[in-house]
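Secondary and tertiary structure notes
One-letter residues, chain by chain:
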Amino acid sequence: MLDRGIGLALDSYHLNIEERSPAAAIRAAGDHCKVVQVCGNDRGPVGGDHTDWDAFFDALDDIAYAGPLTVESFTADNDTIAVAASIWRPLAPSQDELSRASAEFLTDHQRRRASGADGDSGKGGDSVADGAFGTDGDSADWAAKRTAKEQQ
């Protein structure tokens, strides 16, 4: 068993380029997954890309992930970062817009999933769909769920 201070951080960008099945990799991480970093498959905003976000969040639900979703953001405005991350074009009009668009997509997508709308899985229940990214005032609910999970 791993120490409580040790776990896995999963990154949607790297899962996309390094794994044949990001969802299978998430399931393999299981309860060792402690934080999930998200961005579009092109390192841009979440949602305007080819990532299968339904499968991604179904896998997080399957492992009962209740941790945070953090949005990864890069900029072409900093030469060092742009070279290191192979950013050759603007990913969004601004870093604030990249964050806003990502949070909006995640909030809307998860609400649709929780309600079963638009053909999404609609697993609902105690899942990442229940405000894990805390963009709309649900962060207290998320924190309570995470605390309960950690005490198990």
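Refer to the structure presented above.
So, here's what we can say about the structure. (Residues numbered from 1 in each chain as written. Predicted model: local features only at pLDDT ≥ 70, side-chain atom pairs only at ≥ 80, totals over all residues. Heavy atoms only, no water.)

When helices and strands are counted, the protein chain shows 6 helices and 3 strands. Ordered by position from N to C terminus, the α and β elements of the protein chain give β-α-α-β-α-β-α-α-α. Burial analysis of the protein chain (152 residues in total) assigns 40% to the buried set. Pairs at least 24 apart in sequence give 67% of the contacts found in the protein chain among residues at least 6 apart. With the model as given, the accessible surface of the protein chain reaches about 8300 Å², and the carbon-plus-sulfur share is 50%. (Helix = DSSP H or I, 4+ residues; strand = E, 2+ residues; numbered from the N terminus. Buried < 20%, exposed > 50% of the residue type's maximum accessible area, 1.4 Å probe, protein only. Contact = heavy atoms within 4.5 Å. Areas by Shrake-Rupley, 256 points an atom, 1.4 Å probe, with all protein chains shown as cover.)

What follows concerns the side chain of Arg113. The residue Arg113 is located in helix H5 (residues 95-115) in this model. Here the side chain of Arg113 touches Asp61 through a polar contact of 3.2 Å, side chain to side chain. (Polar contact = N/O pair within 3.5 Å; in protein donor to acceptor, adjacent residues only side chain to side chain.)

On to the pattern of salt bridges. In a structure, side chains of opposite charge can pair up when their charged atoms sit close to one another. In the structure shown here, the tally under the stated rule is 6 salt bridges. Arg27 is the partner of Asp62 in a salt bridge, and the nearest nitrogen-oxygen pair spans 2.8 Å. In this pair, Asp62 is assigned in helix H3 (residues 53-62) and Arg27 in helix H2 (residues 22-29), connecting sequence segments 35 residues apart. By relative accessible area, which is 43% here, Asp62 ends up partly exposed. Look at Arg27 and you get partly exposed, because its relative accessible area is 38%. Between Arg100 and Glu97 there is a salt bridge, with the nearest N and O atoms lying 2.6 Å from each other. Of the two residues, Arg100 and Glu97 are both situated in helix H5; the distance of 3 residues between them amounts to about one turn of the helix. Note on Arg100: relative accessible area 40%, which makes it partly exposed. Residue class for Glu97 comes out partly exposed when judged on its relative accessible area of 26%. Connected through salt bridges with shared partners, the residues Asp54, Asp58, Asp61 and Arg113 form a single ionic network. (Salt bridge = Lys/Arg side-chain N within 4 Å of Asp/Glu carboxyl O.)

Once that is clear, we can look at unusual backbone geometry. In this structure, Arg43 is a non-glycine residue whose phi angle is positive, near 70°. Accessibility expressed as a relative area gives 10% for Arg43, which makes it buried. Here the phi dihedral of Ala64 falls at roughly 60°; this positive angle occurs in a residue that is not glycine. Within the element layout of this structure, Ala64 appears in the loop between H3 and strand S3 (69-71). On the basis of relative accessible area, Ala64 is assigned to the partly exposed category, the value being 41%.

In this section: the packing of aromatic side chains. With the rule as written, the count across this model stands at 4 aromatic pairs. Centre to centre, the rings of Trp53 and Phe56 are 5.1 Å apart; their planes meet at 70°, and the pair counts as edge-to-face. Remark: Phe56 and Trp53 occur in helix H3; sequence separation between them is 3 residues, near one turn of the helix. The burial state of Trp53 is the same as that of Phe56; both residues are buried. Linked through ring pairs, Trp53, Phe56, Phe57 and Phe105 together constitute an aromatic cluster. Over the ring of Tyr13 we find Arg43, and its NZ or CZ is 3.9 Å from the ring centre. (Phe/Tyr/Trp six-rings, centres within 6.5 Å; stacked < 30°, edge-to-face > 60°. Lys NZ or Arg CZ within 6 Å of the ring centre and 35° of its normal.)

Fair warning: the whole summary comes from geometry, so function is off the table for now.
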